[in-house]
Amino acid sequence: DVKVTQSSRYLVKRTGEKVFLECVQDMDHENMFWYRQDPGLGLRLIYFSYDVKMKEKGDIPEGYSVSREKKERFSLILESASTNQTSMYLCATAFPGKSSYEQYFGPGTRLTVT
Amino acid sequence: AQKVTQAQTEISVVEKEDVTLDCVYETRDTTYYLFWYKQPPSGELVFLIRRNSFDEQNEISGRYSWNFQKSTSSFNFTITASQVVDSAVYFCALSEAQGGSEKLVFGKGTKLTVNP
C-alpha cells in the first residue's frame, strides 16, 4: 500500500513565522503535489513537482514555496505566514506520466495562523 | 480551461435511501480521466474510481455505481441503500495533462450526511 505521511496533523503558528510542512512518501513516485482545502472552494493546487529539484506553480502559488531535495520528500514553505493561509493542507503523490493513475493523499495538516 | 462542477453543496438523506451525487465537467481534451474521491471526517481523501474518456460503461461496486455520459459531460455517482458510514465529502476530479506532468482539477465537493 502507498503510504503518504505529513509531519503534523495540527499546527498553530503566529503571523510572520516561517512554516515548513513536510510530506514523505514510500512508493517511489516521481510526482508530488501540495493542495490547500477551504470550505466552499474545494482543493486548489499550490505547487507540484515531477522530479527531484523540479517544481511547477499550481493555481495559487503566491505566498508559498516548495523544496524537493529527495524523491520521497516534498516540503511546502510559508515564508511569512499570514492569517489568510489558515487552511487544511493536503499532500498527494502519483505515478509519473500516467494521468490514468490516481493520486494518493496524505492525512492533511490543519494549519492555523494567529 | 478544464472545469469540474458539483452543483450540490450539501445533501442530507436518511439511512437506506438512495442518493446521487452529480458531477459535470468541461474539457477540450479528447483523452481524459475522471475520478471520484471520498473524504471522511478523518480528513484523508480516499480514491473510489477512475474512468477514462473512451469507456462509457457504467460501473458498479457493491452499493456504489457510476454513470458516465460523454454526451452530457457528466459522471454521476449513486449510493444505493445509504449508510451512516457513507457520510463524507465527495469530490469529483478531472485529469489534466500539461507538458508531461499530470494535474487533477477538482470540483468543490458535495457533503453527504446520512442520518440514522
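Residues numbered from 1 in each chain as written. Chains lettered and ligands numbered in written order. Predicted model: local features only at pLDDT ≥ 70, side-chain atom pairs only at ≥ 80, totals over all residues. Heavy atoms only, no water.

**Brief notes about the nonpolar core**
Stage number 1. Trp36(B), Phe75(B), Phe77(B), Tyr90(B) and Leu112(B) are the most contacted members of the largest nonpolar core, which totals 24 residues.
Stage number 2. For this core, the secondary structure elements donating two or more residues are strand 2 (10-14), strand 3 (19-21), strand 5 (33-39), strand 8 (64-69), strand 9 (74-79), strand 10 (88-98) and strand 12 (110-115) of chain B.
Stage number 3. Looking at this core, the element that brings in the most residues is strand 10 of chain B, giving 4 residues.
Stage number 4. If near-sequence neighbours (up to four positions away) are discounted, Phe77(B) is found in contact with Val19(B), Thr20(B), Leu21(B), Trp36(B), Leu48(B), Tyr64(B), Ser65(B), Trp66(B) and Tyr90(B).
Stage number 5. Grouped together as the second largest cluster of nonpolar side chains are 20 residues, Met32(A), Trp34(A), Ile60(A) and Leu76(A) included. (Core = buried A, V, L, I, M, F, W, Y, C linked by side-chain atoms within 4.5 Å. Buried < 20%, exposed > 50% of the residue type's maximum accessible area, 1.4 Å probe, protein only. Helix = DSSP H or I, 4+ residues; strand = E, 2+ residues; numbered from the N terminus. Contact = heavy atoms within 4.5 Å.)

**Concerning the interface of chain B and chain A**
Stage number 1. Listed by partner, the interface residues are 20 residues for chain B and 26 residues for chain A.
Stage number 2. Overall, the association of chain B and chain A removes approximately 1900 Å² of surface from exposure, summing both partners, and the carbon and sulfur fraction of that is 55%.
Stage number 3. Applying the counting rule to chain B against chain A returns 1 salt bridge.
Stage number 4. Of the charged contacts in the structure, one is a salt bridge between Arg50(B) and Glu102(A), with a shortest N-O distance of 2.4 Å.
Stage number 5. Counting across the chain B and chain A interface gives 4 residue pairs in polar contact (both at pLDDT 80 or more).
Stage number 6. Where the side of chain B that touches chain A is concerned, the elements lending two or more residues are strand 5, strand 6 (46-52), strand 10 and strand 11 (101-106) of chain B.
Stage number 7. Take the side of chain B that touches chain A: its biggest share by element is 5 residues, from strand 11 of chain B.
Stage number 8. When the residues that make up the side of chain B that touches chain A are grouped by side-chain class, the tally is 8 nonpolar, 7 polar and 5 charged. (Buried area = accessible area lost by both parts, 1.4 Å probe. Salt bridge = Lys/Arg side-chain N within 4 Å of Asp/Glu carboxyl O. Polar contact = N/O pair within 3.5 Å; in protein donor to acceptor, adjacent residues only side chain to side chain. Nonpolar A, V, L, I, M, F, W, Y, C, P; charged D, E, K, R; others polar.)

**Let's talk about the pattern of salt bridges**
A side chain with one charge may pair with a side chain of the opposite charge, provided their charged atoms come close.
Residue and element names in this part refer to chain A.
Stage number 1. Summed over the entire model, instances satisfying the criterion amount to 11 salt bridges over all chains.
Stage number 2. Here Lys71 makes a salt bridge to Asp28, at a shortest N to O gap of 3.0 Å. One end of the pair, Lys71, is in the loop between strand 7 (64-70) and strand 8 (73-78); the other, Asp28, is in the loop between strand 3 (19-25) and strand 4 (31-38), and 43 residues separate them in sequence.
Stage number 3. Here Lys71 falls in the partly exposed class, since its relative accessible area comes to 22%.
Stage number 4. With a shortest N-O distance of 2.5 Å, Glu69 and Lys53 are connected by a salt bridge. Placement of Glu69 in strand 7 and of Lys53 in the loop between strand 5 (42-51) and strand 6 (54-57) is noted, with a sequence separation of 16 residues between them. Of the two residues, Glu69 and Lys53, both sit in the exposed class.

**Here's the deal with the state of the cysteines**
Stage number 1. On inspection of all chains with the given rule, the structure shows 2 disulfides over all chains.
Stage number 2. Covalent S-S linkage joins Cys23(A) and Cys91(A), the inter-sulfur distance amounting to 1.9 Å. Linking Cys23(A) and Cys91(A), the disulfide has an S-S dihedral of approximately -75° and is accordingly described as left-handed. One end of the pair, Cys23(A), is in strand 3; the other, Cys91(A), is in strand 9 (residues 87-94), and 68 residues separate them in sequence.
Stage number 3. Across the disulfide from Cys23(B) sits Cys92(B); the S-S distance is 2.0 Å. Between Cys23(B) and Cys92(B) the sulfur-sulfur dihedral comes to about -65°; the bridge is accordingly left-handed. Of this pair, Cys23(B) sits in the loop between strand 3 and strand 4 (24-26) while Cys92(B) sits in strand 10, and the two are 69 residues apart along the sequence. (Disulfide = S-S within 2.5 Å.)

**A look at the pairing of strand 12 of chain B**
All names here are of chain B.
Stage number 1. On strand 12, burial follows the alternation: Thr110, Leu112 and Val114 on one face are buried, whereas Lys111, Thr113 and Asn115 on the facing-out side are not.
Stage number 2. Where strand 2 meets strand 12, 5 bridges bridge the pair, whose relative direction is parallel. Residue pairing in the sheet places Ile11 in a bridge with Leu112 of strand 12. (Pairing = 2+ DSSP bridges.)

**A word on the packing of aromatic side chains**
Stage number 1. Tallied over the entire structure, the rule returns 20 aromatic pairs over all chains.
Stage number 2. Pairing Phe105(A) with Phe106(B) gives two aromatic rings, centres 6.1 Å apart and planes at 75°, and the pair type is edge-to-face. Separated into two different chains, Phe105(A) in strand 10 (residues 104-105) and Phe106(B) in strand 11 make up a pair that spans both. Phe106(B) shares its class with Phe105(A); the two are buried.
Stage number 3. Measuring from ring centre to ring centre gives 5.0 Å for Trp66(B) and Phe77(B), while their planes differ by 5°; the resulting arrangement is stacked. One end of the pair, Trp66(B), is in strand 8; the other, Phe77(B), is in strand 9, and 11 residues separate them in sequence. The two residues Trp66(B) and Phe77(B) agree in class, both being buried.
Stage number 4. Each residue in the set Phe33(A), Tyr35(A), Phe48(A), Phe105(A), Phe35(B), Tyr37(B), Phe47(B), Phe91(B) and Phe106(B) is aromatic and connected to the rest through ring pairs, giving one cluster.
Stage number 5. Positioned over the ring face of Phe74(A) is Arg68(A), at 6.0 Å from the centre of the ring. (Phe/Tyr/Trp six-rings, centres within 6.5 Å; stacked < 30°, edge-to-face > 60°. Lys NZ or Arg CZ within 6 Å of the ring centre and 35° of its normal.)

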